[in-house]
Amino acid sequence: MTAAVRWLVAVVGSAAAFAVVAVPWAVLVDGGSDPWDVIGPVAGLVAAGTLAALGWWAAQGGGTRRVRQSARGRGGIRQTGGNAGVPGPGSGGSADVRQRARSDGPGDIDQVGGDRG
């Protein structure tokens, strides 16, 4: 799911939360002087909480990041893939890391993959 769609879901969900609280309350209240003086702030607080929760979800990115590496050579080969522990946009998703290395000469092969945070 793209980031724009996730944020659209967050905003629509917040508006729906406002309506779920405000509409039944307004229908059931006996008019009074002005029930929206109470209904509006309470429903707005619920909508703000919903937007905060869904906004956090939307900011997590998601999806699977694919990392493919292949190396062949003489001497030492070092491959590093996946999340290096640096938080940032889209780091909430999983990583699918595949590495392959072949050394025809003396030396070490050092491969690191996945989440190293």
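Residues numbered from 1 in each chain as written. Predicted model: local features only at pLDDT ≥ 70, side-chain atom pairs only at ≥ 80, totals over all residues. Heavy atoms only, no water.

1. A closer look at the overall build of the protein chain
- A count of helical and extended segments in the protein chain gives 2 helices and 4 strands.
- Split into buried and exposed, the 117 residues of the protein chain put 15% on the buried side.
- When contacts within the protein chain are restricted to residue pairs at least 6 apart in sequence, those whose partners lie at least 24 apart make up 70%.
- Working note: accessible area of the protein chain is about 7,900 Å², and carbon and sulfur atoms make up 60% of it. (Helix = DSSP H or I, 4+ residues; strand = E, 2+ residues; numbered from the N terminus. Buried < 20%, exposed > 50% of the residue type's maximum accessible area, 1.4 Å probe, protein only. Contact = heavy atoms within 4.5 Å. Areas by Shrake-Rupley, 256 points an atom, 1.4 Å probe, with all protein chains shown as cover.)

2. What about helix α2 (residues 36-59)?
- With 24 residues, α2 should cover 34 Å at 1.5 Å per step; its first-to-last C-alpha distance of 32 Å lies within 8% of that length.
- When we look at burial in α2, the residues that qualify are Ile 39, Ala 43, Ala 47, Gly 55 and Ala 58.
- Those residues of α2 hidden inside the fold are in contact with α1 (3-28).
- Once α2 finishes, Gly 61 follows within two positions and takes phi at roughly 80°, a positive value. (Expected span 1.5 Å × (residues − 1).)

3. A few points about the packing of aromatic side chains
- Following the criterion strictly, the structure yields 0 aromatic pairs and no others.
- Above the ring of Trp 57, the side-chain terminus of Arg 6 is found at 4.2 Å from the ring centroid. (Phe/Tyr/Trp six-rings, centres within 6.5 Å; stacked < 30°, edge-to-face > 60°. Lys NZ or Arg CZ within 6 Å of the ring centre and 35° of its normal.)

4. Description of the environment of Val 29
- When you line up the elements, Val 29 lands in the loop between α1 and α2.
- Considered as a pair, Val 29 and Ile 39 are 10 residues apart in the sequence and their alpha carbons are 9.7 Å apart.
- Every residue in contact with Val 29, bar those within four places of it in the chain, is listed here: Pro 35 and Ile 39.

Take it as geometry only, folks, not as evidence of what the structure does.
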